[in-house]
Amino acid sequence: MAIRMGVIGYGGRIRGVIKQIKGICREAKVTAIADPRLAEIKEQLGADAEGIAFFPDADKMLAKAELDGILIGTRCDLHTPMAVKAMQRNLPLFLEKPVAISMEQIRQLHEASLKFTAPSVISFPLRLTTFVQRAKELIDAGEIGRLEHIQATNNVTYGSVYFDKWYRDYNITNGLFLQKATHDLDYISYLAGDRIATVAAMMSRGRVYGGDKPAGLRCNSCDEYKTCHESPFWKYYRLGAGEKNEKGDVVAVNPEDHPCPFGVDVGTPETGMNEDSSSCLYEFDSGLQGVYTQNFFVRRDAGYRGATLIGTDGTIKFDWYTGDFQLISHHRPLTQKLTIGQTLGHYGGDAELAYDFVRGMRGELKETRSPLSAGIQSALVCYLCREAALKRTFLEVPVL
Ligand SMILES: NC(=O)c1ccc[n+]([C@@H]2O[C@H](COP(=O)([O-])OP(=O)(O)OC[C@H]3O[C@@H](n4cnc5c(N)ncnc54)[C@H](O)[C@@H]3O)[C@@H](O)[C@H]2O)c1
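Thresholds, definitions, all that
- Residues numbered from 1 in each chain as written.
- Predicted model: local features only at pLDDT ≥ 70, side-chain atom pairs only at ≥ 80, totals over all residues.
- Heavy atoms only, no water.
- Near = heavy atom within 4 Å.
- Polar contact = N/O pair within 3.5 Å; in protein donor to acceptor, adjacent residues only side chain to side chain.
- Areas by Shrake-Rupley, 256 points an atom, 1.4 Å probe, with all protein chains shown as cover.
- Helix = DSSP H or I, 4+ residues; strand = E, 2+ residues; numbered from the N terminus.
- Nonpolar A, V, L, I, M, F, W, Y, C, P; charged D, E, K, R; others polar.
- Buried < 20%, exposed > 50% of the residue type's maximum accessible area, 1.4 Å probe, protein only.
- Pairing = 2+ DSSP bridges.
- Axes fitted to C-alpha atoms, helices over the stretch in contact; angles between N-to-C directions.
- Contact = heavy atoms within 4.5 Å.
- Patch = residues over 30% accessible without salt bridge, like charges linked within 9 Å, V, L, I, M, F, W, Y side chains within 5 Å.
- Salt bridge = Lys/Arg side-chain N within 4 Å of Asp/Glu carboxyl O.
- Domains from an automatic or database assignment.
- Buried area = accessible area lost by both parts, 1.4 Å probe.
- Core = buried A, V, L, I, M, F, W, Y, C linked by side-chain atoms within 4.5 Å.
- Parallel < 35°, antiparallel > 145°, perpendicular 65-115°, else oblique.
- Left-handed = near helix turned anticlockwise from the far one by under 90°.

### Points about the site of the ligand
In step 1: With respect to spatial proximity, 25 residues lie near the ligand, and among them Arg13, Asp35, Arg37, Arg75 and Glu96 are the closest.
In step 2: Within the side chain of Asp35, an N or O atom sits 2.7 Å from an oxygen atom of the ligand.
In step 3: A distance of 3.3 Å separates an oxygen atom of the ligand from a polar atom in the side chain of His346.
In step 4: In isolation the ligand exposes 860 Å². Once the protein is present, 82% of that is buried.
In step 5: Those elements giving two or more residues to the shell around the ligand turn out to be helix 1 (12-24), helix 4 (79-86) and helix 9 (176-192).
In step 6: Of the residues that constitute the shell around the ligand, the class distribution is 9 nonpolar, 10 polar and 6 charged.

Quick look at the structure:
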């Protein structure tokens, strides 16, 4: 029998998630879509649109469609309002991150979650990757003694998307702690098995991206098209990125035009804009301390996303970019090295999220491995990091 999924916001990310769900479970079918871009979506789906009921908004879909699960894939600012509506159906919920972008939304979502009893999956693939799962097993087995210090980094080699795609609209994302660090602070908390209680943070804005190019400027009408490092021309000519043929070989300059990341319309420190880089200090209830730092202008082999987890007796280090994982004993001459093998999206984490959602819809589990409570906690910590950075101070994380 078909497992019927209703989707609110049928965008790029949720289509990827649905592909993984269908790969895992043949009976799972999208039977309803609520999205204002209906005509475009129907055209994209072609023959696959058959059997899907289309709705111009979420209210209509939620009122009419018979469903076994709901997925929310809108952009960030709509996650909370859509989730609050959808949760009234009390059906298994897949919700994109960040689950909320303001304190008001965090409180609304928390309030709604108190009455919600169906399984929820928050789109945090990192906590379910092989590396984090292996690290958790080793920590729980006492292999590094008591975990005391976490140093985590995310050097994002594709960081221009946060300045030349929709992510540049700060009103939608509310900055890159909520947009990006929500993943990392989530897996860090998962590994610590604890709640971040205090944060301090800094962010650097308008020093690399932003600038004095005219508002509305796009690459294809810019006289620096051939020399600008963010232009499709440069990325093809110097870095070999661009349009691919059916074999996957890069064959031409990607024609993709985009808004200038060096424009006055990127935002100003006064009106709000994304960070070129940002960092936070955190302390858990247990006293465990650590740092997380993220950078959006690093490129190529300088990419690094991973952590050093330091215990009293050993250290675990891993980097998803290189696929390297090490367990280093402090008091014996012993280092174990692991290498990650082939995985599906987000280092295997997306398939795990999809599997939990399928099991939730089949009634096989009540509590998933990436629940709404984790999404709310991470949004709260990230929101407070942003506040701490703006105020240049330490902030206590309230217990909701
Ligand atoms: N978990 C991850 O690893 C990961 C990765 C990428 C993106 N994301 C998150 O996924 C979200 C979506 O990103 P995307 O790139 O797919 O965006 P997108 O723009 O491709 O998709 C958003 C969709 O929402 C629809 N929409 C807009 N208003 C709506 C409304 N009122 N009701 C219903 N639908 C509406 C849009 O028409 C669009 O189809 C973002 O919040 C992003 O942060 C998460």
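### Let's talk about the pairing of strand 4 (residues 69-72)
Consecutive side chains along a regular strand alternate between the two faces of the sheet.
In step 1: Where burial is concerned, the two faces of strand 4 agree: the one with Gly69 and Leu71 and the one with Ile70 and Ile72 are both buried.
In step 2: In this sheet, strand 4 lies alongside strand 1 (residues 3-8) in parallel orientation, the contact comprising 4 bridges. Its bridge partner being in strand 4, Met5 is matched across the sheet by Gly69.
In step 3: As paired elements, strand 4 and strand 5 (residues 93-95) share 3 bridges and run parallel to each other.

### Digging into the sheet that holds strand 1
In step 1: Spatial strand order, 3-2-1-4-5-6: 6 strands in an open sheet with parallel pairing. Where the open sheet ends on each side, the last strands, each with one partner, are strand 3 (53-55) and strand 6 (120-122). Sheet twist, expressed as the mean angle between neighbouring strand axes with direction ignored, is 20 degrees.
In step 2: Contacting strand 1, strand 2 (28-34), strand 4 and strand 5, helix 1 crosses the sheet at an angle of about 145 degrees to strand 4.

### Notes on the sheet that holds strand 16 (residues 335-339)
In step 1: In spatial order, the strands read 16-15-14-13-7-12-11-8-17; together these 9 strands make up an open sheet with mixed pairing. With one partner strand each, in any of the chains shown, strand 16 and strand 17 (394-396) form the two edges of the open sheet. The average angle at which neighbouring strand axes cross in this sheet is 15 degrees, direction not considered.

### Some remarks on a nonpolar patch on the surface
In step 1: Together, Leu281, Val291 and Phe394 line one region of the surface with nonpolar side chains, adding up to about 270 Å² of accessible area.
In step 2: Among the secondary structure elements, Val291 is positioned in strand 12 (residues 289-295).
In step 3: Residue Val291 is classed as partly exposed on the basis of its relative accessible area of 31%.

### A word on the domain arrangement of the protein
In step 1: Looking at the assigned domains, one finds that the protein contains domain 1 (3-124 + 352-370), domain 2 (126-204 + 269-342 + 376-396) and domain 3 (219-258).
In step 2: Averaged C-alpha coordinates put domain 2 and domain 3 at centres separated by 31 Å.
In step 3: On the side of domain 3, 5 residues touch domain 2, which itself brings 5 residues to the contact.
In step 4: The junction of domain 2 with domain 3 conceals about 380 Å² of combined surface from both sides, 43% of it contributed by carbon and sulfur atoms.
In step 5: Taken together, domain 2 and domain 3 are joined by 2 salt bridges.
In step 6: Arg299 is paired through a salt bridge with Glu230; the nearest N and O atoms lie 3.1 Å apart.
In step 7: Run the count over domain 2 and domain 3 and you get 3 residue pairs in polar contact (both at pLDDT 80 or more).
In step 8: When the residues that make up the side of domain 2 that touches domain 3 are grouped by side-chain class, the tally is no nonpolar, 1 polar and 4 charged.

### Digging into the pattern of salt bridges
In step 1: This structure, assessed with the given rule, holds 26 salt bridges.
In step 2: Via salt bridges that share partners, Glu352, Asp356, Arg359 and Arg369 belong to a single interconnected network.

### Points about the nonpolar core
In step 1: Leu185 and Phe318 are the most contacted members of the largest nonpolar core, which totals 78 residues.
In step 2: Here this core gets 11 residues from one element, more than from any other, and that element is helix 12 (residues 372-391).
In step 3: Each of domain 1 (3-124 + 352-370) and domain 2 (126-204 + 269-342 + 376-396) gives at least three residues to this core.
In step 4: Excluding residues that lie within four positions of it along the chain, Leu185 makes contacts with Ile196, Cys280, Tyr282, Tyr292, Val381, Cys382 and Cys385.
In step 5: Val7, Val17, Ile52 and Phe357 belong to the second largest nonpolar core, which has 27 residues in total.

### Thoughts on the packing of helix 1 against helix 11 (residues 349-361)
In step 1: Running from N to C, helix 1 and helix 11 cross one another at 65 degrees; their axes reach a closest spacing of 9 Å. Taken together, the axis directions place helix 1 and helix 11 in an arrangement best described as roughly perpendicular. As helix 1 packs across helix 11, the resulting crossing turns out to be right-handed. Every residue of helix 11 that contacts helix 1 at Arg13, Gln20, Ile21 and Ile24 is listed here: Asp350, Ala351, Leu353, Ala354, Tyr355, Phe357 and Val358.

### Focus: the side chain of Gln105
In step 1: Position of Gln105 among the secondary structure elements: in helix 5 (residues 103-113).
In step 2: Separated by 3.1 Å, the side chain of Gln105 and the backbone oxygen of Asp77 make a polar contact.
In step 3: With near-sequence residues (within four places) excluded, Gln105 lies in contact with Asp77, Thr80, Pro81 and Ala100.

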